[in-house]
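Residue-level listing of the chains:
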Amino acid sequence: MRSSFKNVALVTLGVVLGIGVTMQYSALANKPVAGMPIEGLHQLAHAYNTIKADYVEPVEDRKLLTQAISGMVGALDPHSAYLDRKAYRELREGTEGKFVGLGIEINQSEEGYVRIVTPIEDAPAARAGIRAGDLITHVDGAAVKDMDLDEAIKRMRGEPHTKVVLTVLRKDAPAPLSFTIVRDEIVQKSVKGKIVAPGYAWVRISQFQEPTVDDLATKLAALAQQEPNLKGVVLDLRNDPGGLLQGAIGVAAAFLPKNAEIVSTNGQLEDSKARFYGSPEYYLLSRGNDPLDKVPDLYKTIPMVVLVNTGSASASEIVAGALQDHKRAAIVGSQTFGKGSVQTIRPLAGDTAVKLTTARYYTPSGRSIQARGIVPDIPVDENADGDGLNALRMREADLQHHLKNDTSHAPEDATNHDDIEEQMRILAAERTRKPLEFGSADDFQLTQALHHLQGLPVQLSKRASPPASLAQQAH
(Lines give C-alpha, C1' and ligand atoms only; values in the text may rest on other atoms or scores of the structure.)
Protein backbone atom coordinates (compact mmCIF):
# COMPACT_ATOMS: atom_id res chain seq x y z
CA MET A 1 0.00 0.00 0.00
CA ARG A 2 2.72 2.44 1.00
CA SER A 3 4.71 1.96 -2.22
CA SER A 4 1.61 2.55 -4.34
CA PHE A 5 1.19 5.99 -2.83
CA LYS A 6 4.83 6.76 -3.57
CA ASN A 7 4.26 5.82 -7.19
CA VAL A 8 1.32 8.22 -7.42
CA ALA A 9 3.45 10.94 -5.92
CA LEU A 10 6.37 10.30 -8.25
CA VAL A 11 4.57 10.26 -11.58
CA THR A 12 2.62 13.41 -10.79
CA LEU A 13 5.85 15.36 -10.34
CA GLY A 14 6.00 17.97 -13.08
CA VAL A 15 5.49 17.47 -16.79
CA VAL A 16 6.12 13.84 -17.58
CA LEU A 17 7.06 14.47 -21.19
CA GLY A 18 9.72 16.92 -20.11
CA ILE A 19 12.98 16.32 -18.30
CA GLY A 20 13.53 16.78 -14.61
CA VAL A 21 17.18 17.77 -14.38
CA THR A 22 19.34 20.80 -14.90
CA MET A 23 22.07 20.06 -17.39
CA GLN A 24 25.34 21.42 -18.65
CA TYR A 25 26.86 19.97 -21.82
CA SER A 26 30.63 19.74 -21.50
CA ALA A 27 33.13 19.35 -24.29
CA LEU A 28 36.05 19.25 -21.85
CA ALA A 29 38.11 16.10 -21.56
CA ASN A 30 37.32 13.92 -18.58
CA LYS A 31 39.51 14.39 -15.55
CA PRO A 32 42.40 11.92 -15.78
CA VAL A 33 42.12 8.98 -13.42
CA ALA A 34 45.35 7.91 -11.76
CA GLY A 35 45.54 4.14 -11.88
CA MET A 36 42.80 1.58 -12.34
CA PRO A 37 41.91 -0.93 -9.58
CA ILE A 38 43.33 -4.08 -11.24
CA GLU A 39 41.86 -6.44 -8.65
CA GLY A 40 38.38 -4.97 -9.16
CA LEU A 41 38.71 -5.21 -12.94
CA HIS A 42 39.70 -8.87 -12.61
CA GLN A 43 36.60 -9.42 -10.47
CA LEU A 44 34.41 -7.71 -13.07
CA ALA A 45 35.91 -9.84 -15.85
CA HIS A 46 35.37 -12.98 -13.77
CA ALA A 47 31.70 -12.10 -13.21
CA TYR A 48 31.31 -11.38 -16.94
CA ASN A 49 32.83 -14.71 -17.93
CA THR A 50 30.72 -16.57 -15.36
CA ILE A 51 27.51 -15.09 -16.74
CA LYS A 52 28.54 -15.86 -20.33
CA ALA A 53 29.37 -19.46 -19.44
CA ASP A 54 26.76 -20.43 -16.84
CA TYR A 55 23.62 -18.31 -17.32
CA VAL A 56 20.47 -20.25 -18.27
CA GLU A 57 20.47 -18.83 -21.81
CA PRO A 58 22.98 -16.96 -23.99
CA VAL A 59 23.41 -13.24 -23.26
CA GLU A 60 24.71 -10.77 -25.83
CA ASP A 61 28.05 -9.11 -25.05
CA ARG A 62 26.65 -5.64 -25.75
CA LYS A 63 23.75 -6.17 -23.35
CA LEU A 64 26.07 -7.25 -20.53
CA LEU A 65 28.45 -4.35 -21.02
CA THR A 66 25.64 -1.79 -21.33
CA GLN A 67 24.01 -3.05 -18.15
CA ALA A 68 27.36 -2.97 -16.34
CA ILE A 69 27.84 0.70 -17.27
CA SER A 70 24.22 1.50 -16.44
CA GLY A 71 24.44 -0.15 -13.03
CA MET A 72 27.76 1.51 -12.20
CA VAL A 73 26.49 5.01 -13.02
CA GLY A 74 22.95 4.56 -11.73
CA ALA A 75 24.10 3.44 -8.29
CA LEU A 76 25.85 6.78 -7.65
CA ASP A 77 22.76 8.94 -7.08
CA PRO A 78 19.20 9.29 -8.43
CA HIS A 79 20.18 11.68 -11.25
CA SER A 80 23.28 10.03 -12.73
CA ALA A 81 22.46 7.67 -15.58
CA TYR A 82 23.72 5.90 -18.67
CA LEU A 83 21.84 7.15 -21.75
CA ASP A 84 21.41 4.75 -24.64
CA ARG A 85 20.75 6.12 -28.13
CA LYS A 86 17.03 6.56 -27.58
CA ALA A 87 17.36 8.18 -24.14
CA TYR A 88 20.13 10.50 -25.36
CA ARG A 89 18.05 11.56 -28.36
CA GLU A 90 14.98 12.21 -26.21
CA LEU A 91 17.03 14.26 -23.75
CA ARG A 92 18.30 16.46 -26.58
CA GLU A 93 14.76 16.82 -27.94
CA GLY A 94 13.54 17.88 -24.51
CA THR A 95 16.08 20.67 -24.15
CA GLU A 96 15.39 21.88 -27.70
CA GLY A 97 11.66 22.03 -27.01
CA LYS A 98 10.93 19.69 -29.94
CA PHE A 99 9.78 16.08 -30.08
CA VAL A 100 7.65 13.83 -32.25
CA GLY A 101 4.41 12.85 -30.58
CA LEU A 102 0.84 13.88 -29.89
CA GLY A 103 1.36 17.09 -27.95
CA ILE A 104 -0.05 16.22 -24.52
CA GLU A 105 1.14 16.73 -20.97
CA ILE A 106 0.19 13.70 -18.88
CA ASN A 107 0.39 12.03 -15.50
CA GLN A 108 -1.02 8.85 -14.04
CA SER A 109 -4.48 8.91 -12.48
CA GLU A 110 -5.37 7.37 -9.15
CA GLU A 111 -7.34 4.70 -11.06
CA GLY A 112 -4.23 3.59 -12.94
CA TYR A 113 -5.11 5.25 -16.25
CA VAL A 114 -3.15 8.01 -18.04
CA ARG A 115 -4.68 11.42 -17.39
CA ILE A 116 -4.40 14.33 -19.84
CA VAL A 117 -3.15 17.29 -17.80
CA THR A 118 -3.37 19.56 -20.83
CA PRO A 119 -3.17 19.22 -24.60
CA ILE A 120 -0.57 21.53 -26.13
CA GLU A 121 -2.23 24.26 -28.13
CA ASP A 122 -2.56 23.53 -31.88
CA ALA A 123 -0.79 20.15 -31.52
CA PRO A 124 -2.23 16.91 -33.03
CA ALA A 125 -4.09 15.83 -29.87
CA ALA A 126 -5.76 19.22 -29.41
CA ARG A 127 -6.79 19.32 -33.07
CA ALA A 128 -8.29 15.84 -32.75
CA GLY A 129 -10.46 16.92 -29.81
CA ILE A 130 -8.55 15.63 -26.77
CA ARG A 131 -9.34 17.68 -23.63
CA ALA A 132 -7.73 18.26 -20.24
CA GLY A 133 -9.07 15.73 -17.75
CA ASP A 134 -9.60 12.94 -20.31
CA LEU A 135 -8.42 9.53 -19.11
CA ILE A 136 -6.61 7.36 -21.68
CA THR A 137 -7.67 3.73 -21.23
CA HIS A 138 -6.18 2.16 -24.40
CA VAL A 139 -3.43 2.99 -26.89
CA ASP A 140 -3.93 1.19 -30.21
CA GLY A 141 -6.16 -1.26 -28.40
CA ALA A 142 -3.66 -2.05 -25.62
CA ALA A 143 -5.01 -1.41 -22.12
CA VAL A 144 -2.90 1.12 -20.20
CA LYS A 145 -4.44 0.51 -16.76
CA ASP A 146 -1.54 -0.07 -14.37
CA MET A 147 0.89 -0.03 -17.34
CA ASP A 148 4.26 1.54 -16.60
CA LEU A 149 3.96 5.22 -17.57
CA ASP A 150 7.17 5.09 -19.64
CA GLU A 151 5.70 2.20 -21.63
CA ALA A 152 2.51 4.18 -22.28
CA ILE A 153 4.57 7.15 -23.47
CA LYS A 154 6.61 4.87 -25.75
CA ARG A 155 3.40 3.56 -27.35
CA MET A 156 2.11 7.08 -27.96
CA ARG A 157 5.33 8.36 -29.47
CA GLY A 158 6.58 7.22 -32.87
CA GLU A 159 7.59 8.36 -36.33
CA PRO A 160 6.16 11.57 -37.86
CA HIS A 161 2.90 11.21 -39.83
CA THR A 162 2.04 7.79 -38.38
CA LYS A 163 -1.30 7.18 -36.67
CA VAL A 164 -2.21 6.14 -33.15
CA VAL A 165 -5.68 5.43 -31.75
CA LEU A 166 -6.48 6.60 -28.20
CA THR A 167 -9.52 5.40 -26.30
CA VAL A 168 -10.51 7.85 -23.57
CA LEU A 169 -13.02 8.22 -20.78
CA ARG A 170 -14.55 11.69 -20.50
CA LYS A 171 -16.50 12.78 -17.46
CA ASP A 172 -19.57 14.02 -19.38
CA ALA A 173 -19.53 11.32 -22.09
CA PRO A 174 -21.84 8.27 -21.67
CA ALA A 175 -19.36 5.88 -23.34
CA PRO A 176 -15.61 5.71 -24.13
CA LEU A 177 -14.47 7.91 -27.01
CA SER A 178 -12.02 6.93 -29.76
CA PHE A 179 -9.59 9.38 -31.38
CA THR A 180 -7.28 8.67 -34.31
CA ILE A 181 -4.34 11.06 -34.07
CA VAL A 182 -1.50 11.61 -36.54
CA ARG A 183 1.87 12.04 -34.83
CA ASP A 184 3.87 15.13 -35.75
CA GLU A 185 6.82 17.18 -34.57
CA ILE A 186 5.77 19.21 -31.56
CA VAL A 187 7.37 22.56 -30.88
CA GLN A 188 6.62 23.06 -27.22
CA LYS A 189 6.32 26.62 -25.94
CA SER A 190 7.75 26.70 -22.44
CA VAL A 191 6.45 30.22 -21.68
CA LYS A 192 2.92 31.54 -21.58
CA GLY A 193 1.28 34.45 -19.83
CA LYS A 194 -1.65 36.83 -19.64
CA ILE A 195 -3.12 39.74 -17.74
CA VAL A 196 -5.06 38.09 -14.91
CA ALA A 197 -6.35 41.24 -13.20
CA PRO A 198 -6.19 44.93 -14.09
CA GLY A 199 -2.53 45.88 -13.64
CA TYR A 200 -1.29 42.36 -12.87
CA ALA A 201 0.45 39.88 -15.18
CA TRP A 202 0.87 36.11 -14.82
CA VAL A 203 3.79 34.41 -16.59
CA ARG A 204 4.27 30.64 -16.47
CA ILE A 205 7.41 28.68 -17.37
CA SER A 206 6.73 24.95 -17.71
CA GLN A 207 10.35 23.93 -18.45
CA PHE A 208 13.72 25.57 -19.10
CA GLN A 209 14.59 24.91 -22.75
CA GLU A 210 16.86 26.52 -25.34
CA PRO A 211 14.20 29.06 -26.49
CA THR A 212 12.94 29.89 -22.96
CA VAL A 213 14.84 33.15 -22.38
CA ASP A 214 13.88 34.52 -25.80
CA ASP A 215 10.26 33.40 -25.36
CA LEU A 216 10.11 34.99 -21.90
CA ALA A 217 11.49 38.29 -23.17
CA THR A 218 8.93 38.37 -25.98
CA LYS A 219 6.07 37.56 -23.60
CA LEU A 220 7.09 40.17 -21.01
CA ALA A 221 7.33 42.87 -23.69
CA ALA A 222 3.90 41.93 -25.07
CA LEU A 223 2.26 42.01 -21.63
CA ALA A 224 3.74 45.42 -20.86
CA GLN A 225 2.36 46.70 -24.15
CA GLN A 226 -1.04 45.16 -23.46
CA GLU A 227 -1.19 46.60 -19.92
CA PRO A 228 0.81 49.87 -19.80
CA ASN A 229 0.02 50.36 -16.08
CA LEU A 230 1.49 47.14 -14.71
CA LYS A 231 1.50 47.08 -10.90
CA GLY A 232 2.82 43.58 -10.33
CA VAL A 233 3.84 40.25 -11.89
CA VAL A 234 3.48 36.61 -10.84
CA LEU A 235 6.15 34.22 -12.14
CA ASP A 236 4.66 30.72 -12.00
CA LEU A 237 7.21 27.88 -11.65
CA ARG A 238 4.87 25.24 -10.22
CA ASN A 239 5.48 21.74 -11.60
CA ASP A 240 8.47 23.07 -13.57
CA PRO A 241 10.93 20.14 -13.37
CA GLY A 242 13.99 22.08 -14.57
CA GLY A 243 16.00 22.08 -17.75
CA LEU A 244 18.95 24.10 -18.98
CA LEU A 245 21.06 26.07 -16.52
CA GLN A 246 21.42 28.91 -19.03
CA GLY A 247 17.64 29.24 -19.15
CA ALA A 248 17.43 29.61 -15.38
CA ILE A 249 20.16 32.28 -15.36
CA GLY A 250 18.46 34.26 -18.14
CA VAL A 251 15.02 34.10 -16.51
CA ALA A 252 16.37 35.33 -13.15
CA ALA A 253 18.39 38.04 -14.92
CA ALA A 254 15.20 39.45 -16.50
CA PHE A 255 14.00 40.53 -13.04
CA LEU A 256 17.28 41.33 -11.23
CA PRO A 257 19.83 44.16 -11.53
CA LYS A 258 22.39 43.62 -14.24
CA ASN A 259 25.29 41.32 -13.30
CA ALA A 260 23.61 40.17 -10.06
CA GLU A 261 24.83 36.77 -8.90
CA ILE A 262 22.30 34.04 -9.77
CA VAL A 263 23.85 30.77 -8.64
CA SER A 264 27.17 29.11 -7.82
CA THR A 265 28.38 25.53 -8.12
CA ASN A 266 31.00 23.43 -6.37
CA GLY A 267 32.30 19.96 -7.17
CA GLN A 268 35.43 17.88 -7.67
CA LEU A 269 36.37 19.29 -11.08
CA GLU A 270 38.01 22.70 -11.20
CA ASP A 271 35.53 23.93 -13.82
CA SER A 272 32.64 22.95 -11.52
CA LYS A 273 33.72 25.60 -8.99
CA ALA A 274 32.01 28.56 -10.59
CA ARG A 275 29.74 31.56 -10.07
CA PHE A 276 27.12 32.62 -12.60
CA TYR A 277 25.85 36.16 -13.04
CA GLY A 278 23.00 37.88 -14.84
CA SER A 279 24.95 38.96 -17.89
CA PRO A 280 24.66 37.66 -21.48
CA GLU A 281 27.80 35.49 -21.49
CA TYR A 282 26.18 33.29 -18.82
CA TYR A 283 22.79 32.73 -20.48
CA LEU A 284 23.26 33.10 -24.25
CA LEU A 285 23.55 29.71 -25.95
CA SER A 286 24.87 31.18 -29.21
CA ARG A 287 26.19 34.43 -30.56
CA GLY A 288 23.64 37.08 -31.35
CA ASN A 289 21.56 39.81 -29.80
CA ASP A 290 20.69 39.71 -26.13
CA PRO A 291 16.96 38.80 -25.94
CA LEU A 292 16.63 40.55 -22.58
CA ASP A 293 17.27 43.89 -24.28
CA LYS A 294 13.60 43.93 -25.28
CA VAL A 295 12.35 43.44 -21.69
CA PRO A 296 11.01 46.75 -20.29
CA ASP A 297 12.96 48.03 -17.27
CA LEU A 298 9.81 48.06 -15.12
CA TYR A 299 10.14 44.27 -14.63
CA LYS A 300 13.21 44.87 -12.48
CA THR A 301 11.27 46.97 -9.97
CA ILE A 302 7.53 46.20 -9.94
CA PRO A 303 6.22 44.05 -7.06
CA MET A 304 6.70 40.36 -7.79
CA VAL A 305 5.64 36.93 -6.55
CA VAL A 306 7.13 33.56 -7.54
CA LEU A 307 4.74 30.59 -7.27
CA VAL A 308 6.37 27.22 -6.45
CA ASN A 309 5.31 23.78 -5.26
CA THR A 310 6.82 20.33 -4.63
CA GLY A 311 7.00 19.84 -8.41
CA SER A 312 9.31 22.85 -8.80
CA ALA A 313 12.79 21.38 -9.20
CA SER A 314 16.34 22.17 -10.25
CA ALA A 315 16.42 25.18 -12.60
CA SER A 316 13.16 26.51 -11.18
CA GLU A 317 14.67 26.29 -7.69
CA ILE A 318 17.70 28.25 -8.90
CA VAL A 319 15.43 31.06 -10.12
CA ALA A 320 13.31 31.07 -6.96
CA GLY A 321 16.41 31.00 -4.72
CA ALA A 322 18.09 33.88 -6.54
CA LEU A 323 14.99 36.10 -6.45
CA GLN A 324 14.46 35.23 -2.78
CA ASP A 325 18.06 35.94 -1.75
CA HIS A 326 18.09 39.28 -3.56
CA LYS A 327 14.74 40.14 -1.87
CA ARG A 328 13.32 40.78 -5.32
CA ALA A 329 10.21 38.60 -4.94
CA ALA A 330 8.07 36.90 -2.34
CA ILE A 331 8.08 33.12 -2.79
CA VAL A 332 4.55 31.74 -2.41
CA GLY A 333 3.35 28.12 -2.35
CA SER A 334 4.86 24.87 -1.04
CA GLN A 335 8.45 23.86 -0.31
CA THR A 336 10.17 22.84 -3.55
CA PHE A 337 11.56 19.44 -4.58
CA GLY A 338 15.18 19.97 -3.47
CA LYS A 339 17.08 18.89 -6.58
CA GLY A 340 20.25 20.94 -6.14
CA SER A 341 22.82 19.03 -8.19
CA VAL A 342 24.46 19.63 -11.57
CA GLN A 343 24.35 16.93 -14.25
CA THR A 344 26.98 17.11 -16.97
CA ILE A 345 26.39 15.22 -20.22
CA ARG A 346 29.50 13.30 -21.30
CA PRO A 347 29.04 11.87 -24.82
CA LEU A 348 30.28 8.32 -25.36
CA ALA A 349 30.82 6.24 -28.49
CA GLY A 350 27.84 5.05 -30.53
CA ASP A 351 25.69 8.15 -29.92
CA THR A 352 25.29 7.28 -26.24
CA ALA A 353 26.22 9.34 -23.20
CA VAL A 354 26.62 9.42 -19.44
CA LYS A 355 24.62 11.93 -17.41
CA LEU A 356 26.85 12.44 -14.40
CA THR A 357 26.33 14.51 -11.25
CA THR A 358 29.38 16.78 -11.06
CA ALA A 359 28.49 19.57 -8.59
CA ARG A 360 25.96 21.03 -6.16
CA TYR A 361 24.04 24.28 -6.64
CA TYR A 362 24.06 27.16 -4.14
CA THR A 363 21.90 30.27 -3.98
CA PRO A 364 23.65 33.69 -3.97
CA SER A 365 23.75 33.69 -0.15
CA GLY A 366 25.47 30.28 -0.17
CA ARG A 367 22.50 28.06 0.71
CA SER A 368 22.60 24.58 -0.80
CA ILE A 369 19.38 23.66 -2.60
CA GLN A 370 20.16 19.93 -2.38
CA ALA A 371 17.61 17.78 -0.48
CA ARG A 372 16.03 20.87 1.13
CA GLY A 373 14.74 22.99 -1.71
CA ILE A 374 13.39 26.51 -1.39
CA VAL A 375 11.11 27.25 1.56
CA PRO A 376 8.39 29.76 0.61
CA ASP A 377 8.21 33.12 2.36
CA ILE A 378 4.43 32.72 2.35
CA PRO A 379 3.25 29.08 2.55
CA VAL A 380 -0.01 28.59 0.63
CA ASP A 381 -1.75 25.28 -0.14
CA GLU A 382 -2.80 24.22 -3.63
CA ASN A 383 -6.48 24.43 -2.69
CA ALA A 384 -8.50 26.32 -0.11
CA ASP A 385 -9.07 23.07 1.81
CA GLY A 386 -5.51 21.71 1.68
CA ASP A 387 -2.49 20.93 -0.48
CA GLY A 388 -4.10 18.04 -2.40
CA LEU A 389 -1.81 15.63 -4.25
CA ASN A 390 1.05 18.06 -3.71
CA ALA A 391 1.17 16.74 -0.13
CA LEU A 392 1.85 13.19 -1.41
CA ARG A 393 4.58 13.89 -3.91
CA MET A 394 8.05 12.52 -3.37
CA ARG A 395 10.88 14.98 -2.84
CA GLU A 396 14.63 14.67 -3.36
CA ALA A 397 15.08 13.64 0.28
CA ASP A 398 12.81 10.63 -0.37
CA LEU A 399 15.04 9.24 -3.13
CA GLN A 400 17.52 6.46 -2.40
CA HIS A 401 21.22 7.39 -2.60
CA HIS A 402 20.44 11.13 -2.81
CA LEU A 403 23.28 13.55 -2.13
CA LYS A 404 23.22 15.18 1.29
CA ASN A 405 22.90 18.91 1.88
CA ASP A 406 26.39 20.13 2.77
CA THR A 407 25.50 23.56 4.19
CA SER A 408 22.78 22.67 6.69
CA HIS A 409 22.72 20.27 9.62
CA ALA A 410 18.94 20.49 9.96
CA PRO A 411 16.95 17.29 9.27
CA GLU A 412 16.11 16.84 5.61
CA ASP A 413 12.45 17.36 4.76
CA ALA A 414 11.26 14.09 3.27
CA THR A 415 7.59 13.62 2.46
CA ASN A 416 5.71 11.74 5.16
CA HIS A 417 4.09 8.68 3.56
CA ASP A 418 3.36 6.85 6.83
CA ASP A 419 -0.13 8.25 7.48
CA ILE A 420 -2.12 5.91 5.22
CA GLU A 421 -5.46 7.21 6.51
CA GLU A 422 -4.58 10.78 5.57
CA GLN A 423 -3.38 9.67 2.14
CA MET A 424 -6.65 7.82 1.53
CA ARG A 425 -8.58 10.94 2.49
CA ILE A 426 -6.55 13.12 0.11
CA LEU A 427 -6.91 10.68 -2.79
CA ALA A 428 -10.67 10.38 -2.26
CA ALA A 429 -11.04 14.17 -2.27
CA GLU A 430 -8.91 14.55 -5.41
CA ARG A 431 -11.04 12.06 -7.38
CA THR A 432 -13.97 14.46 -7.19
CA ARG A 433 -11.96 17.60 -7.92
CA LYS A 434 -11.66 18.81 -11.50
CA PRO A 435 -8.09 19.07 -12.85
CA LEU A 436 -6.40 22.31 -11.89
CA GLU A 437 -5.63 24.65 -14.76
CA PHE A 438 -2.79 26.96 -13.78
CA GLY A 439 -3.68 30.58 -14.49
CA SER A 440 -7.44 30.04 -14.41
CA ALA A 441 -10.02 31.77 -12.23
CA ASP A 442 -10.08 28.57 -10.09
CA ASP A 443 -6.33 28.70 -9.38
CA PHE A 444 -6.32 29.19 -5.60
CA GLN A 445 -2.58 29.78 -5.20
CA LEU A 446 -2.56 32.36 -7.99
CA THR A 447 -5.46 34.16 -6.29
CA GLN A 448 -3.48 34.27 -3.04
CA ALA A 449 -0.41 35.55 -4.89
CA LEU A 450 -2.52 38.38 -6.34
CA HIS A 451 -3.92 39.11 -2.88
CA HIS A 452 -0.37 39.51 -1.58
CA LEU A 453 0.53 41.90 -4.40
CA GLN A 454 -2.69 43.87 -3.82
CA GLY A 455 -2.15 44.10 -0.06
CA LEU A 456 -5.15 41.87 0.72
CA PRO A 457 -5.27 39.04 3.30
CA VAL A 458 -3.65 35.75 2.20
CA GLN A 459 -4.96 32.34 3.33
CA LEU A 460 -1.86 30.60 4.65
CA SER A 461 -1.18 26.88 4.44
CA LYS A 462 -2.91 24.60 6.92
CA ARG A 463 0.34 22.59 7.21
CA ALA A 464 2.83 25.37 7.93
CA SER A 465 3.36 28.00 10.59
CA PRO A 466 2.97 31.63 9.51
CA PRO A 467 6.25 33.33 8.57
CA ALA A 468 7.91 35.30 11.34
CA SER A 469 7.57 38.69 9.66
CA LEU A 470 5.73 39.50 6.49
CA ALA A 471 7.06 43.03 6.74
CA GLN A 472 10.49 41.84 5.61
CA GLN A 473 9.18 40.18 2.46
CA ALA A 474 9.76 41.71 -0.93
CA HIS A 475 6.86 42.92 -3.06
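Residues numbered from 1 in each chain as written. Predicted model: local features only at pLDDT ≥ 70, side-chain atom pairs only at ≥ 80, totals over all residues. Heavy atoms only, no water.

Caption draft 1: Just the side chain of His79, in detail. As for its placement among the helices and strands, His79 is situated in the loop between helix H3 (61-74) and strand E2 (81-83). Separated by 2.7 Å, the side chains of His79 and Glu396 make a polar contact. (Helix = DSSP H or I, 4+ residues; strand = E, 2+ residues; numbered from the N terminus. Polar contact = N/O pair within 3.5 Å; in protein donor to acceptor, adjacent residues only side chain to side chain.)

Caption draft 2: Examining the nonpolar core more closely. Ranked by internal contacts, the top residues of the largest apolar core, which has 49 residues, are Leu216, Leu235, Phe255, Tyr299, Val306, Val319 and Leu323. The set of elements that each furnish at least two residues to this core consists of strand E12 (200-205), helix H7 (212-226), strand E13 (232-236), helix H8 (245-255), strand E14 (261-266), strand E16 (304-308), helix H10 (315-325) and strand E19 (352-362). By residue number, the principal contributor to this core is H8, which donates eight residues. Not counting residues up to four positions away in its chain, the partners in contact with Val306 are Leu235, Leu237, Ala320, Leu323, Ala329, Ala330, Ile331 and Val332. (Core = buried A, V, L, I, M, F, W, Y, C linked by side-chain atoms within 4.5 Å. Buried < 20%, exposed > 50% of the residue type's maximum accessible area, 1.4 Å probe, protein only. Contact = heavy atoms within 4.5 Å.)

Caption draft 3: Region of interest: the pairing of strand E8 (residues 163-169). Residues of E8 alternate between two faces, with Val164, Leu166 and Val168 buried on one and Lys163, Val165, Thr167 and Leu169 left unburied on the opposite face. In this sheet, E8 lies alongside strand E6 (residues 135-139) in antiparallel orientation, the contact comprising four bridges. By the bridge assignment for E8, Val139 is matched with Leu166. Judged from the six bridges that link them, E8 and strand E9 (residues 177-182) form a sheet pairing that is antiparallel. Residue pairing in the sheet places Val164 in a bridge with Ile181 of E9. (Pairing = 2+ DSSP bridges.)

Caption draft 4: Geometry of the packing of helix H2 (residues 38-54) against H3. The N-to-C vectors of H2 and H3 enclose an angle of 140°; their axes lie 11 Å apart at closest approach. In this view, H2 runs oblique relative to H3, as classed from their interaxial angle. Crossing of H2 over H3 shows right-handed handedness. For the pair H2 and H3, contact is made by Tyr48, Ile51 and Lys52 and by Asp61, Leu64 and Leu65, respectively. (Axes fitted to C-alpha atoms, helices over the stretch in contact; angles between N-to-C directions. Parallel < 35°, antiparallel > 145°, perpendicular 65-115°, else oblique. Left-handed = near helix turned anticlockwise from the far one by under 90°.)

Caption draft 5: Molecular detail of the environment of Gly388. Among the secondary structure elements, Gly388 is positioned in the loop between strand E20 (378-379) and helix H11 (420-431). Given a relative accessible area of 9%, Gly388 falls into the buried group.

Caption draft 6: Region of the structure containing the pattern of salt bridges. What the rule picks out here adds up to 13 salt bridges. Close ionic contact of Asp134 with Arg170 constitutes a salt bridge, the shortest N to O distance being 2.8 Å. Of this pair, Asp134 sits in the loop between helix H5 (124-128) and E6 while Arg170 sits in the loop between E8 and E9, and the two are 36 residues apart along the sequence. One exposure class covers both Asp134 and Arg170, and it is buried. Residues Arg238 and Asp443 are paired through a salt bridge, measuring 2.6 Å at the closest nitrogen-oxygen approach. Of the two residues, Arg238 is situated in the loop between E13 and H8 and Asp443 in the loop between H11 and helix H12 (444-454); the sequence distance between them amounts to 205 residues. One continuous salt-bridge network, built from bridges that share partners, spans Arg204, Asp236, Arg238 and Asp443. (Salt bridge = Lys/Arg side-chain N within 4 Å of Asp/Glu carboxyl O.)

Caption draft 7: Spotlight on unusual backbone geometry. Unlike most non-glycine residues, Ser314 shows phi in positive territory, near 60°. If you trace the backbone, Ser314 turns up in the loop between E16 and H10. For Ser314, a relative accessible area of 0% puts it in the buried group. The phi torsion at Lys327 lies on the positive side, around 55°, for a residue other than glycine. Relative to the helices and strands, Lys327 resides in the loop between H10 and strand E17 (330-333).

Caption draft 8: Geometry of the confidence of the model for the protein chain. Per-residue pLDDT for the protein chain averages 85, and the proportion of residues at 70 or more is 88%. Here residues 25-30 is a poorly scored stretch, pLDDT under 50, and it has 12 contacts once near neighbours within four places are set aside; other chains count. In the model, residues 466-475 has pLDDT below 50 throughout and makes 20 contacts with residues more than four positions away in sequence or in other chains. (pLDDT = per-residue confidence, 0-100.)

Caption draft 9: Quick peek at the sheet that holds E12. Within the open sheet, the six strands sit side by side as E11-E12-E13-E16-E17-E20. Their pairing is mixed. Edge strands, defined here as strands with exactly one partner in the open sheet, are strand E11 (191-197) and E20. Across six bridges, E11 lies against E12 in antiparallel orientation. From the neighbouring strand, Ala197 faces E12, where its bridge partner is Tyr200. Strands E13, E16 and E17 of the sheet are contacted by H10, whose axis makes an angle of about 145° with E16.

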